[in-house]
Amino acid sequence: MQSPRLAPAHGQAWGHFVETDDIDAHAASQPDWVLRYEQLSAGSFHGAVRHLQLPGLRLVHESASQAMRQRGQLGQGRYGFAMALDLPEAAFFNGQRLDADAVMAGRADDLDLCSPALFSMIGVVVNADLLNPLWERIYQTPLAPWLDKQTVLPVPADTARTLKALHLGALATLGTPMAPSAALTQLRDAVLMEWIEALPAEVNTTDLKTSAARKRVVDRACDLMLSQTDEPLSILQLCSRIGASRRKLNYCFQDVLGITPVKYLRAVRLNGVRRELKAVQDMRTGVQDVAARWGFWHLGQFSLDYKRQFGELPSATLRTARGG
């Protein structure tokens, strides 16, 4: 379900709301961003996303029923600030653990977030030409260098509550098509200032080198995992290629993604099958053909695993793709 865009304010304001039962549709429903989501937990997917675009700033409220990894780009020359609303388990942002009442902050051109099932969050994505002068007015200094990284920052609980209430209230208030341009600008600036002022006065980035090193191990392993999908590497082969012990590889995956490499590889391969089944055009292509391309050779076990992961049999996905 998608709402119509708002009447433009200075030609730059619009909003929409989308609910979907498909994780790829959920990722694609976020205009002008390039995102790819992988479903990591088992069960049917349901997600919702609300965006409100104002001049230089986008407000976001997103929720999903299943654990997922989301990666992509939100645009060059932009910065993002986000916070969990519902966090039943830990999330991981760019290789760092995200706890309740913490802000994810940094440049928006390389998103990597692993979130648990029943997760929801709010956030803003702001153009540098809007953020820079406001930052200088508040702090009398240029934009902090740590913002060119991506980091998790603790926020006091009362500050987090105020920020969440203001952000959600702004989305509700600005959701009316009749809001005048002056009101849009004033509320936009108030929301952005609240996000900036919620950040700690001093930020220590010394731990980022360690988390970045672990993330490089994970990213290298993920690239190798997907380099030959029809004959997936064993964990021992993966460790040999990377030059890491099995214990270190497991530790890095748990620390960066919150999941073991075995479970992650299985989930990504199942997502790959589902994505390909949804795109099948050739009537001669069957489930077994697609499953084999992703290294699943035992069709019975594969079908059980697929249904457990997505809540339907692969044959049902294929029938839907063919309009059956």
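The following refers to the structure shown. (Residues numbered from 1 in each chain as written. Predicted model: local features only at pLDDT ≥ 70, side-chain atom pairs only at ≥ 80, totals over all residues. Heavy atoms only, no water.)

**A look at the overall build of the protein chain**
Scanning the protein chain from N- to C-terminus turns up 11 helices and 12 strands. Taken over the C-alpha trace, the protein chain has a radius of gyration of 21 Å; the compact-globule value for 324 residues is 20 Å, and the two agree within 12%. If one aligns the C-alpha atoms of the protein chain with their principal axes, the spans along those axes are about 60 × 50 × 30 Å. Of all 324 residues assigned to the protein chain, the portion counted as buried reaches 51%. Partitioning the intrachain contacts of the protein chain with sequence separation of at least 6 by distance along the chain shows that 72% fall at a separation of at least 24. For the protein chain, the computed accessible surface area is about 15,300 Å², with 53% contributed by carbon and sulfur atoms. Looking at charge distribution, the protein chain has the averaged site of its 35 positive side-chain charges lying 6 Å from that of its 33 negative ones. (Helix = DSSP H or I, 4+ residues; strand = E, 2+ residues; numbered from the N terminus. Rg over C-alpha atoms; globule rule 2.2 N^0.38 Å. Buried < 20%, exposed > 50% of the residue type's maximum accessible area, 1.4 Å probe, protein only. Contact = heavy atoms within 4.5 Å. Areas by Shrake-Rupley, 256 points an atom, 1.4 Å probe, with all protein chains shown as cover. Lys, Arg positive; Asp, Glu negative; His and termini not counted. Charge placed at Lys NZ, Arg CZ, Asp CG, Glu CD.)

**Focus on the pairing of strand 4 (residues 57-64)**
Along strand 4, 6 of the 8 residues are buried, which leaves the element largely enclosed by surrounding structure. Judged from the 8 bridges that link them, strand 3 (residues 47-54) and strand 4 form a sheet pairing that is antiparallel. Note that in strand 4 the partner of Gly47 across the bridge is Ala64. Taking the residues between adjacent antiparallel strands as the criterion, strand 3 and strand 4 are bridged by 2 residues, where Gly56 takes a positive phi near 80°. The pairing of strand 4 with strand 11 (residues 119-127) spans 8 bridges and is antiparallel. Note that in strand 11 the partner of Leu57 across the bridge is Val126. (Pairing = 2+ DSSP bridges.)

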